[in-house]
Structures are given as C-alpha cells and as structure tokens.
Amino acid sequence: HAKAAGSNCLRFYDAHLESRLREEQVLLRALKLAVQEERFHLVYQPQINARTGQLTGVEALLRWTTGDGESLPPGVFIPLAERAGLMVQLGSWVLRAACRQARQWQEEQRPTRVAVNVSAVQFMDSGFVGTVRDILRASGLRAELLELELTESFLMQDVPRVQSVLHQLKALGVSLSIDDFGTGYSSLSYLQSFPIDTLKIDRSFMPTQEVSQTVLNVIVGLGQALGLQLVAEGVETAEQRSTLLDLGCEVMQGYLYARPMTPEQLDWWWAERTVPS
Ligand code: C2E
Ligand code: MG
Ligand code: MG
Ligand code: MG
C-alpha cells in the first residue's frame, strides 16, 4: 500500500514538474517573440533629494505585458531572459529606450538623469562598452545624464576585467552606481578602487520595527568615508526619511515619494509638484 502511495507521489511530482517545464517553455516562446517585436515598456521612478525636494534623477524599470494582458514582474522574466541568452538584446533595447526618453527630457529643458539597470551578462559581453557608446551617440543624450546600475555580485568576479570595463564606461562620461548595496559581497578594498559614483542602499536596510538602524548607519558611514553619493532605495515611511536625513543620506527613492510611472504619469506628477510662483 505504502509503495503504491509512494509511486503515486512520484507520478504526481513528475506531472507537476512536467507542467512547470511546459509553462516555462510557453513563457520562453512568448518572451522570445516579445524581444523580437520589442513589446516592452519602461517606467520611471523618481529619486528625490529629501532636504531640498529636488528631483535628482529617475530609475528606468522594465515592464512586459504578455499577449494575454498579464503583467509579469522583472524579477521573473529577467532571469528567464538571462538563461535563454536574450538579455544582451533586451538590455540594449532598455538602454536605447531610456536614452531616447532622457534625450526628450533634455530637449524639453528639463534634463533628468536616467539610471538603467545592467545585468551581469550584458556587462560581461565584450560588445557592451561599444553598445553604450553607440546608443549615447545615436540618442544625442549628454553622457552625464546616463547612469548605469551594476550589482556587487558580478563586480567582484574577474576584478581586473571589471576594472577595465568600468574605466572605459567612465571615459564615456556616464555615471556608475552599485545597486542593492549591502546584499552582495563587496570587498572593501576593491570598492575603494572602483570608479563608482553612487551606492544605492538596498531597501532591506531601511529601518522598521523589525529592522534596526545599525547596519544602515554603517553603510551610510562607509559611503561617506569613500566620498560616494548615496541613494536610499525603498523608502516607504516618514520615519525612514527622517532617520536617513539625520544620517546625512539625502537622496531617496521609494513609495513614500512615488511609484515607478510611465512618462505621461511622470509629466503629471511633475506638474503637480512644480508649485507656480
Ligand atoms: P532594482 O533595480 O533594485 O529596482 C528597485 C525595485 O524596487 C523596483 O522593482 C521598484 O519598483 C521597487 N521599489 C521601489 N520603491 C519601493 C518601495 O518603496 N517599496 C518596495 N517594496 N519596492 C520598491 P521592480 O520594478 O519590480 O524591479 C525589480 C528588479 O528587477 C530591479 O531591482 C532590477 O534588479 C530588475 N530590473 C528591472 N528593470 C530592469 C532592466 O531594465 N534591466 C535589468 N537588468 N534589470 C532590471
Ligand atoms: Mg536598480
Ligand atoms: Mg536596487
Ligand atoms: Mg533589486
């Protein structure tokens, strides 16, 4: 009896796995098509200097609405795109779309720095620096209005190569930031030697009733000691804002200020904030 139940379980497990694999295949086919047909869009989340109220930049975040109108989070489809070898192409699309949008803001006399997330496979691709250069040129965007967000995990691998790519990117005039800072394993000596402008403090360090302020204090102190700009991610409460301000971390990105928005929504948001004098 037990054996029968066991084999039933096994069959159940197999069927489950099979259906998951089939689902992934379907998703993968849809994703491939979406990449070919560029069926994505970007939303932009403001970064605010909480002391002055100034908009210091926006982060571009990728969105994909599948054929049946479902919206999948990038945390789901980006790893899939990476595994399927689609991320270099998709990442170039993101860069192009973000630079085009930023160029439009530049034309409209409200130059806004746009931060673009770069995944490891893109950064490690030998054509990456050339792609960034070409896209910047084609868009006509001032290079200092583009920021590239990199993550610790891949910066610490193959450090000599990473150093060289970072310097080539800096030579283009773009700014560089480390995303989700504190969640990876940064070697502090490398961190000091990288030509990085900004640390984006991961939202898991924002103090709450459960999360004490201790690690946040250390990260802010580290950033300040290294002379880096700091951006706090995932700021949701007024308490977090005042804690950050007390520590001297002024630039914030989070739901307290705004969710990621389409360019049209951002226009409205802007207009509402610009108090006529
Ligand atoms: P990330 O780069 O750290 O982006 C910040 C994420 O936090 C975004 O999620 C944003 O919507 C969310 N967020 C912002 N403020 C708050 C807040 O106050 N509370 C909470 N709970 N969340 C907040 P999203 O858009 O789902 O993106 C998730 C991740 O997917 C990004 O994390 C980034 O790693 C990746 N990603 C998004 N777009 C791209 C892209 O174009 N290229 C690459 N390579 N990765 C991307
Ligand atoms: Mg980011
Ligand atoms: Mg982040
Ligand atoms: Mg993240």
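Cut-offs applied
For every chain, the first residue of the written sequence is number 1, and numbering continues from 1 onward in sequence order. Think of it this way: whatever chain is written first is A, whatever ligand is written first is 1, and the rest follow in order. With the structure being a predicted model, the display of local features is reserved for residues of pLDDT at least 70 and the display and counting of side-chain atom pairs for 80 or more, all residues being used for whole-chain, interface and lining totals. Side-chain figures throughout are based on the complete set of non-hydrogen atoms in the structure, without hydrogens or water. Counting from the N terminus, the helices are the DSSP runs of H or I reaching at least four residues and the strands are the DSSP runs of E reaching at least two. Side-chain atoms alone can form a polar contact between residues adjacent in sequence; in general such a contact is a pair of N or O atoms within 3.5 Å, and within protein one must be able to donate a hydrogen while the other accepts it. Only a single heavy atom is needed: when it lies within 4 Å of a molecule or strand, its residue is near that molecule or strand. Accessible surface area values rest on a Shrake-Rupley calculation with a 1.4 Å probe, where residue burial reflects the displayed protein chains alone. Using a grid of 1 Å spacing that covers the protein atoms alone, one calls a set of points a cavity when a 1.4 Å probe fits there but cannot get out, and a pocket when the set is open and has protein on both sides within 12 Å along at least five of seven lines; lining residues are those with an atom within 4 Å of a point. Each molecule is assigned to a cavity or pocket provided more than half of its atoms lie within 2 Å of the corresponding grid points. Only Asp, Glu, Lys and Arg are considered charged in this grouping, and only Ala, Val, Leu, Ile, Met, Phe, Trp, Tyr, Cys and Pro are considered nonpolar; every other residue, Gly among them, is considered polar. The nonpolar core is taken to be a set of buried Ala, Val, Leu, Ile, Met, Phe, Trp, Tyr and Cys residues, with the residues joined through side-chain atoms within 4.5 Å. Residue exposure (1.4 Å probe, protein chains only): buried if accessible area is under 20% of the type maximum, exposed if over 50%, otherwise partly exposed. Residue contacts are counted whenever heavy atoms from the two residues lie within 4.5 Å of one another. Water is not part of the atom set, so a site may look incomplete; the donors themselves are N, O and S atoms within 2.8 Å of the metal, or 3.2 Å for Na, K and Ca. To estimate the expected span of a helix, count its residues, drop one, and scale the result by 1.5 Å.

Engineer: Is there a simple way to explain the environment of Ser 212 in this structure?
Structural biologist: Residue position: Ser 212 is located in the loop between strand S7 (198-201) and helix H9 (214-225). Here Thr 214 takes part through its side chain, which lies 2.9 Å from a polar atom of the side chain of Ser 212.

Engineer: Please explain the site of ligand 1 as it appears in this structure.
Structural biologist: Near ligand 1 lie 23 residues; those nearest to it are Arg 63, Asn 117, Asp 179, Glu 236 and Tyr 255. Note that an oxygen atom of ligand 1 is positioned 3.0 Å from one of the side-chain N or O atoms of Asp 180. Glu 236 is positioned such that a nitrogen or oxygen atom in its side chain is 2.5 Å from a nitrogen atom of ligand 1. Against a free-state accessible area of 800 Å², the protein chains account for coverage of 82% of ligand 1. Among the cavities detected, the one that contains ligand 1 is the largest pocket. If you tally residues by element for the shell around ligand 1, the top one is strand S2 (residues 55-65), at four residues. Residue composition of the shell around ligand 1, grouped by class: 10 nonpolar, five polar and eight charged.

Engineer: Just to check I follow, could you spell out the nonpolar core for this structure?
Structural biologist: Where a protein is soluble and globular, its nonpolar side chains tend to be buried together. Counting residues in each nonpolar core, the largest one holds 78 residues, and the members touching the most others are Phe 40, Phe 123, Leu 146, Leu 148, Leu 155 and Leu 169. With residues near it in sequence (within four places) discarded, Leu 155 still touches Phe 123, Leu 150, Val 162, Leu 166, Ile 178 and Phe 194.

Engineer: Where do I start with the coordination of the magnesium ion (ligand 3) in this structure?
Structural biologist: Reference geometry at the metal: tetrahedral coordination by four donors gives ideal angles of 109.5 degrees; octahedral coordination by six donors gives 90 or 180 degrees. The magnesium ion (ligand 3) binds to the protein through Asp 179 (OD), Asp 180 (OD), Glu 233 (OE) and Glu 233 (OE), with metal-donor distances spanning 2.1 to 2.4 Å. Sequence spacing of the donor residues for the magnesium ion (ligand 3), all on one chain, is D-D-x52-E. You can call Asp 179 buried: its relative accessible area is 7%. Residue classification places Asp 180 among the partly exposed positions, given a relative accessible area of 27%.

Engineer: Hey, could you run me through helix H7 (residues 159-172) in this one?
Structural biologist: Residues spaced three or four apart along an α-helix face the same direction, because each turn holds 3.6 residues. Taking 1.5 Å of rise per residue, 14 residues should cover 20 Å, and H7 covers 20 Å from first to last C-alpha, within 8% of that figure. Residues of H7 that are buried sit in contact with helix H4 (120-124), helix H5 (128-139), strand S5 (146-151), helix H6 (152-155), strand S6 (175-181) and helix H8 (188-193). In the stretch just after H7, Gly 173 is the one whose phi turns positive, near 100 degrees.

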